[in-house]
Amino acid sequence: MSDVKRVPLMLMDEKGSKYLIIPTQEMSEIKGIGVVDSERLMKEPFGSKIEISGKVYMILEASLLDILANIKRGPQWIMAKDSAQILVGCGIGPGSKVLEIGTGSGALTIVLAYYVGPEGKVVTYEYNEKNARLASRNLDQAGLTHIVEINVGEAADCNSVGEFDTVVMDVPQPWDLLDISCKALKPSGHFCAYVPTMNQVEQTIRALRESGFIETRAVENLQREIVVGKGGTRPSFEMLGHTGYITVGRKMGR
Ligand SMILES: C[S@@+](CC[C@H](N)C(=O)[O-])C[C@H]1O[C@@H](n2cnc3c(N)ncnc32)[C@H](O)[C@@H]1O
């Protein structure tokens, strides 16, 4: 059996700068380092040190946050603080089947695929070809392509019936896609829309209630980093004031 690790890994230099290494390539051109023999790197144990061109790097397994920090950005993407809340709020875990509408850069798709794992499935719709290509590249880099089916097209064309545990959407008018969501969900399945304005929250929740969804609610998730210094530990002055609202409901059995 090969002793090569087939998971994304990170090189971290002494200043804490990190560089993602994709496991499938033999030689990788890494911006800021140069050409590295990734096959050789993958044989080294995690936590060990390696010298490349006179500089010392620690070899780490890439975390999901490392992978997300390295994706190519297109449309505004959902940050980890919010995707974590979506996972827990919608009961998404190993084996879950998730329908996603609005793939965008694929940041949420990566998180969903990472957690549903090989026993689960993420089916995602994106009508902008350029964004679908970008998301596909990002998923490939994360090593998660096999868990995701990307459909390049309008989500309204989805004709799935009772197949999904969760429907998640990041589109401007989620209420227009409630019918297909309702059809696609299993009874008691979770619906989630990620929207940036209160007006959208209100319209989504009203439409969910009119369609018979239960446990409808919206949350905002604020996250503040703590700067740790001896005797002066305090919250960071830089806090992202607003991202989006997580708006959820559950389908009744009918
Ligand atoms: C804000 S982005 C999604 C970002 C994504 N959640 C992420 O974390 O990277 C919204 C995406 O939805 C797509 N979109 C909007 N309405 C759609 C629809 N009805 N069917 C398919 N895609 C749609 C847009 O083209 C855009 O790429």
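On a predicted model such as this, the values are computed, not experimentally measured, just so you know.

Q: Help me understand the pairing of strand β4 (residues 34-37) in this model?
A: The sheet contact formed by strand β3 (residues 27-30) and β4 spans four bridges and is antiparallel. Looking at β4, one finds that M27 is bridged to D37. Here β3 folds back onto β4 in antiparallel fashion, the turn holding three residues, of which G32 has a positive phi close to 95°.

Q: I'm lost on the domain arrangement of the chain in this one. Help?
A: As assigned here, the chain comprises domain 1 (9-62) and domain 2 (70-250). One C-alpha centre belongs to domain 1, the other to domain 2; they are set 31 Å apart.

Q: Explain the site of the ligand here, please?
A: In the vicinity of the ligand, 21 residues are found, and the nearest of them are I78, E126, N131, E154 and D170. At 3.0 Å from an oxygen atom of the ligand is found a main-chain nitrogen or oxygen belonging to I78. Between the ligand and N131 there is a distance of 2.9 Å, counted from an oxygen atom to a side-chain nitrogen or oxygen. Protein burial of the ligand: of its 610 Å² of free accessible surface, 88% is covered by the chains. Cavity membership is defined here by more than half of the atoms lying within 2 Å of grid points; on that basis the ligand lies in the largest pocket. Elements with a contribution of two residues or more to the shell around the ligand: α4 (107-116) and β8 (121-126).

Q: How do you make sense of helix α5 (residues 129-142) when you look at a structure like this?
A: Given 3.6 residues to a turn, an α-helix orients residues that are three or four positions apart in the same direction. Helix length check: α5, at 14 residues, gives a terminal C-alpha distance of 20 Å against a target of 20 Å (1.5 Å per residue), a fit within 8%. Buried residues of α5: N131, A132, L134, A135, N138, L139 and A142, and no others. Viewed end-on, α5 has its buried residues packed into an arc of 160°, placing them on one side of the element. In α5, the exposed positions that point more than 90 degrees away from the buried face belong to E129, K130, R133, R137 and D140. Tucked inside the fold, the buried residues of α5 contact α2 (64-69), α4, β8 and β9 (148-152). Taking the backbone nitrogen of K130 as reference, a side-chain oxygen 2.9 Å away marks N128 as the first, capping residue of α5. The first or second residue beyond α5 is G143, which carries a positive phi of 75°.

Q: Honestly, the packing of aromatic side chains in this entry has me stumped. Any pointers?
A: Describing an aromatic ring pair means giving the distance of the ring centres and the angle of the ring planes. Evaluation of the coordinates by the stated rule reveals three aromatic pairs. Ring geometry for Y19 and Y57: centres 6.1 Å apart, planes at 85°, overall edge-to-face. Taken as a pair, Y19 in strand β2 (residues 18-21) and Y57 in strand β6 (residues 55-61) lie far apart in primary sequence, 38 residues in all. Grouping residues by exposure puts Y19 and Y57 together as buried. With a centroid separation of 5.9 Å and 65° between ring planes, the pair formed by F191 and F213 is classed as edge-to-face. Pair noted here: F191 is in strand β11 (residues 185-195) and F213 is in the loop between α7 (198-210) and β12 (214-220), with a separation of 22 residues, a long-range link.

Q: Quick question: what am I supposed to make of the sheet that holds β6 here?
A: The strands that make up a sheet are held in pairs by hydrogen bonds between backbone atoms, and each pair lies either parallel or antiparallel. Strands sit in the order β2-β1-β6-β5 across an open sheet of four strands; the sheet is antiparallel. Every interior strand has two partners, whereas the edge strands, β2 and β5 (49-52), have only one. Taken pair by pair, the neighbouring strands of this sheet meet at an average axis angle of 35°, ignoring direction. Sheet analysis places strand β1 (residues 9-13) next to β6, joined by five bridges and oriented antiparallel. The residue bridging M10 from the neighbouring strand is L60, located in β6.

Thresholds, definitions, all that
Residues numbered from 1 in each chain as written. Predicted model: local features only at pLDDT ≥ 70, side-chain atom pairs only at ≥ 80, totals over all residues. Heavy atoms only, no water. Pairing = 2+ DSSP bridges. Helix = DSSP H or I, 4+ residues; strand = E, 2+ residues; numbered from the N terminus. Domains from an automatic or database assignment. Near = heavy atom within 4 Å. Polar contact = N/O pair within 3.5 Å; in protein donor to acceptor, adjacent residues only side chain to side chain. Areas by Shrake-Rupley, 256 points an atom, 1.4 Å probe, with all protein chains shown as cover. 1 Å grid on protein atoms, 1.4 Å probe; cavity = no way out; pocket = protein on both sides within 12 Å on 5 of 7 lines; lining within 4 Å. Sits in = over half its atoms within 2 Å of the grid points. Expected span 1.5 Å × (residues − 1). Buried < 20%, exposed > 50% of the residue type's maximum accessible area, 1.4 Å probe, protein only. Arc of directions from axis to C-beta. Contact = heavy atoms within 4.5 Å. Phe/Tyr/Trp six-rings, centres within 6.5 Å; stacked < 30°, edge-to-face > 60°. Axes fitted to C-alpha atoms, helices over the stretch in contact; angles between N-to-C directions.

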